[in-house]
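Here is how the chains run, residue by residue.
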Amino acid sequence: MAERSPAAGRVRDAEQARDELRAALKGAGITLPSLALDGVSLVGDFPRPLVDITPQLARRLAEVVRG
């Protein structure tokens, strides 16, 4: 079995986090069709993947969290 690079592991972790967030939000009645990894954060030898959402979705998340 081939060794996986630390960079690939970080990207995979970000993908899993995105998927977990999508599932949790779906359970709260929120759908984020644009929920994705930020492409710029994946570039380079040491990527620092970020999950990208719109300001409107961030506000809706804040609303849900506040209850």
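Note: the structure precedes this text.
Just so you know, these numbers come straight off a predicted model, no measurement behind them.

**Q** I'm lost on the overall build of the chain in this one. Help?
**A** Along the chain, the regular secondary structure elements total 2 helices and 2 strands. Relative to its length of 67 residues, the chain is extended, with a C-alpha radius of gyration of 14 Å against a globular reference of 11 Å. Considering the chain as a whole, with its 67 residues, one finds that 19% of them fall into the buried category. A separation threshold of at least 6 residues defines the contact pool for the chain, and within that pool the share at least 24 residues apart is 38%. When the accessible surface of the chain is split by element, carbon and sulfur atoms take 56% of a total near 5,100 Å². Between the mean site of the 10 positive side-chain charges and the mean site of the 9 negative ones, the chain shows a separation of 5 Å.

**Q** Looking at this structure, how should I read the environment of R12?
**A** If you trace the backbone, R12 turns up in helix α1 (residues 6–27). Placed 51 residues apart in sequence, R12 and E63 show a C-alpha to C-alpha distance of 29 Å.

**Q** Teacher, can you tell me more about helix α2 (residues 55–66) here?
**A** Every α-helix carries 3.6 residues per turn, so stepping three or four residues along brings you back to the same face. The end-to-end C-alpha distance of α2 is 16 Å, a good match for the 16 Å that 12 residues give at a rise of 1.5 Å each. Following α2 by one or two positions, G67 has its phi on the positive side, about 80°.

**Q** Any chance you could explain the environment of R59 here in plain terms?
**A** Of note, R59 is situated in helix α2. By relative accessible area, which is 58% here, R59 ends up exposed. Separated by 41 residues in sequence, R59 and R18 have C-alpha atoms that sit 17 Å apart.

What counts and what doesn't
- Residues numbered from 1 in each chain as written.
- Predicted model: local features only at pLDDT ≥ 70, side-chain atom pairs only at ≥ 80, totals over all residues.
- Heavy atoms only, no water.
- Helix = DSSP H or I, 4+ residues; strand = E, 2+ residues; numbered from the N terminus.
- Rg over C-alpha atoms; globule rule 2.2 N^0.38 Å.
- Buried < 20%, exposed > 50% of the residue type's maximum accessible area, 1.4 Å probe, protein only.
- Contact = heavy atoms within 4.5 Å.
- Areas by Shrake-Rupley, 256 points an atom, 1.4 Å probe, with all protein chains shown as cover.
- Lys, Arg positive; Asp, Glu negative; His and termini not counted.
- Charge placed at Lys NZ, Arg CZ, Asp CG, Glu CD.
- Expected span 1.5 Å × (residues − 1).

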